[in-house]
2 protein chains.
Amino acid sequence: MPKSAIQVIDRAATLLDLIAASDKSVPLKVLAIDAGLHPSSAFRILASLTTHGYVERDEAGRYQLGRKLLQLGGRVQAHVSLREDARPIMEALRDSLHETINLTVRDGNEVVYVERAITNKRMMRVEQVIGSRAPLHVTAVGKLFLGEESDQGFESYARETGLTAFTPHTITRADALRSECIKSLEAEYAVDSEEAEPGVSCVAVPVRDHSRRIVAAISVSAPTSRHEPEDWVPHLQKAGLELSSRLGYYGVNP
Amino acid sequence: MPKSAIQVIDRAATLLDLIAASDKSVPLKVLAIDAGLHPSSAFRILASLTTHGYVERDEAGRYQLGRKLLQLGGRVQAHVSLREDARPIMEALRDSLHETINLTVRDGNEVVYVERAITNKRMMRVEQVIGSRAPLHVTAVGKLFLGEESDQGFESYARETGLTAFTPHTITRADALRSECIKSLEAEYAVDSEEAEPGVSCVAVPVRDHSRRIVAAISVSAPTSRHEPEDWVPHLQKAGLELSSRLGYYGVNP
DNA sequence: GTTGGCGCTTTCGAATTACGAAACGTCTGA
DNA sequence: TCAGACGTTTCGTAATTCGAAAGCGCCAAC
């Protein structure tokens, strides 16, 4: 919890965070206790926030976030540039893992590589050209996007692409791919074990925006001999959350 | 500008509004002057808001809305029920105009009536059944939705429906309809002069949400003999803005 | 029906907190 | 190089927020 020059604003911010952190509306007492405030102080601050529309009260008088936040949220400048926000995070990740880090977005039935951070600590490394593309079903990042698809969406993808094999490891059976994608999404990371290119493996985590939809993915690509998902996943997920948060995703704040 | 029990929060809210009202980032001095604050006060408050992410600064130090608002905006409970929010506004409108007020949403190539407020001051009145449907091109509300369509979208609508005539007044020429729809959207209201049913005319205004897209429309339907658009439009637009604002649209706040 | 208790709201004197004048720093353009 | 404007920091002052306590209003239990 950050501390600033103005006490009331710190307290108001804390209260808003507490309300946001709950999935339901919250009674005064709970907010006061959790924020460490005297009930009358919490009341006064919440009343003020209410008159400005940052907070609303339901029939029972419990507090929830107000529409004003919806209005202001919609006005946040889209100076939110995925690549600019991603670069420092990717570079930090590269310096921890000493492998190539990629940032990808989805475009139709393909993923597109939009940014990368390569390490110079390795003689042998995997390098994707920025702008290059790959089908969803052969990449770790693509599995995350597919995991978010509806059954119909998944089926039409399978139909349109035929789930062409790129290597002997490519998953070409629709039902196997489907369950793999769903499992990946639930685990919040996906793996590609030489499914796109022999000898190359990959781990990916999702990047979400304020709407909680996946808008991109961060992945690490390396020769299979150095593939260490257990080690990488926590680092990747931390980076993914940090970038997501910068894009407006509400989760653990960095 | 509302006044609450806490001065700092009032001032912070004013500053956030000023930043939101501008399309670009804003320098301190402008904010201080417009908010009627001493520069050092504005600075202190903005610094506090910045540490909490409600405000960000660009390279030149100018202020803009922060990502926190995006996060919190995404967490506002979708307790935003179009119909519930609309009802009191529609009833007030009915009591001003003494005519039937309708609330409609788009569903594919049709509009659907989802709520209405009927007056008992009139022997003869127009009544739409809730749940009933009509093609876009014969209704005032539909023209607003069509006005927001891309050229391709409009063309495929024209192709799919054939712009069937319902009355001799129905606009069936695609180019005439297209320009009528665009004109309506620009004017922020649309008119239907017996284009759906002989003897019945209609005026509609758009309802937008935080994304600024049209999500619904409010309209007044009456026998053509009582049709007085010049009189109705200001009332309708005020109601439309008020409802839009409740849905998170940023505009003139009620 | 009455009473007790709990949570919310309001009041009000105290002192902490935010205020703003002024001094300081920094950048830009003349 | 200097002038001026804008942003930042400092600091004494007093206005402002704080929080204890009392007052409501509601529900549940007796």
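A quick note: this is a predicted structure, and the numbers were derived from the prediction, not measured.

**Describing the sheet that holds strand β3 (residues 100–107) of chain B**
Residue and element names in this part refer to chain B.
Point 1. Here six strands make up an open sheet; going across it, the order is β5-β4-β3-β8-β7-β6 and the pairing antiparallel. Each having just a single partner strand, β5 (133–135) and β6 (190–193) make up the two edges of the open sheet. Sheet twist, expressed as the mean angle between neighbouring strand axes with direction ignored, is 30 degrees.
Point 2. Strand direction decides the pairing type here: strand β4 (residues 110–117) and β5, joined by three bridges, are antiparallel. Along β5, the bridge assignment pairs Val-111 with Ala-134.
Point 3. Across the sheet, helix α6 (residues 140–148) touches β3, β4, β5, β6, β7 (200–208) and β8 (214–223), and the angle it forms with β8 is around 150 degrees.

**Points about the interface of chain B and chain A**
Point 1. Opposite the 35 residues of chain B that make contact, chain A presents 36 residues.
Point 2. Sorting the residues of the side of chain B that touches chain A by element identifies α1 (7–21), α3 (39–51), β2 (63–65) and α4 (67–75) of chain B as the ones contributing at least two each.
Point 3. No other element matches α4 of chain B, which puts eight residues into the side of chain B that touches chain A.
Point 4. Grouping the amino acids of the side of chain B that touches chain A by side-chain chemistry returns 19 nonpolar, 12 polar and four charged.

**Structural notes on the sheet that holds strand β6 (residues 190–193) of chain A**
All names here are of chain A.
Point 1. Pairing within the open sheet is antiparallel, and its six strands lie in the order β5-β4-β3-β8-β7-β6. Of all the strands in the sheet, just β5 (133–135) and β6 have a single pairing partner and so form its edges. With strand direction ignored, the average angle separating the axes of adjacent strands in the sheet is 30 degrees.
Point 2. Along the sheet, helix α6 (residues 140–148) makes contact with β3 (100–107), β4 (110–117), β5, β6, β7 (200–208) and β8 (214–223), crossing β8 at roughly 150 degrees.

Cut-off values and rules
Residues numbered from 1 in each chain as written. Chains lettered and ligands numbered in written order. Predicted model: local features only at pLDDT ≥ 70, side-chain atom pairs only at ≥ 80, totals over all residues. Pairing = 2+ DSSP bridges. Helix = DSSP H or I, 4+ residues; strand = E, 2+ residues; numbered from the N terminus. Axes fitted to C-alpha atoms, helices over the stretch in contact; angles between N-to-C directions. Contact = placed C-beta atoms within 7 Å. Nonpolar A, V, L, I, M, F, W, Y, C, P; charged D, E, K, R; others polar.

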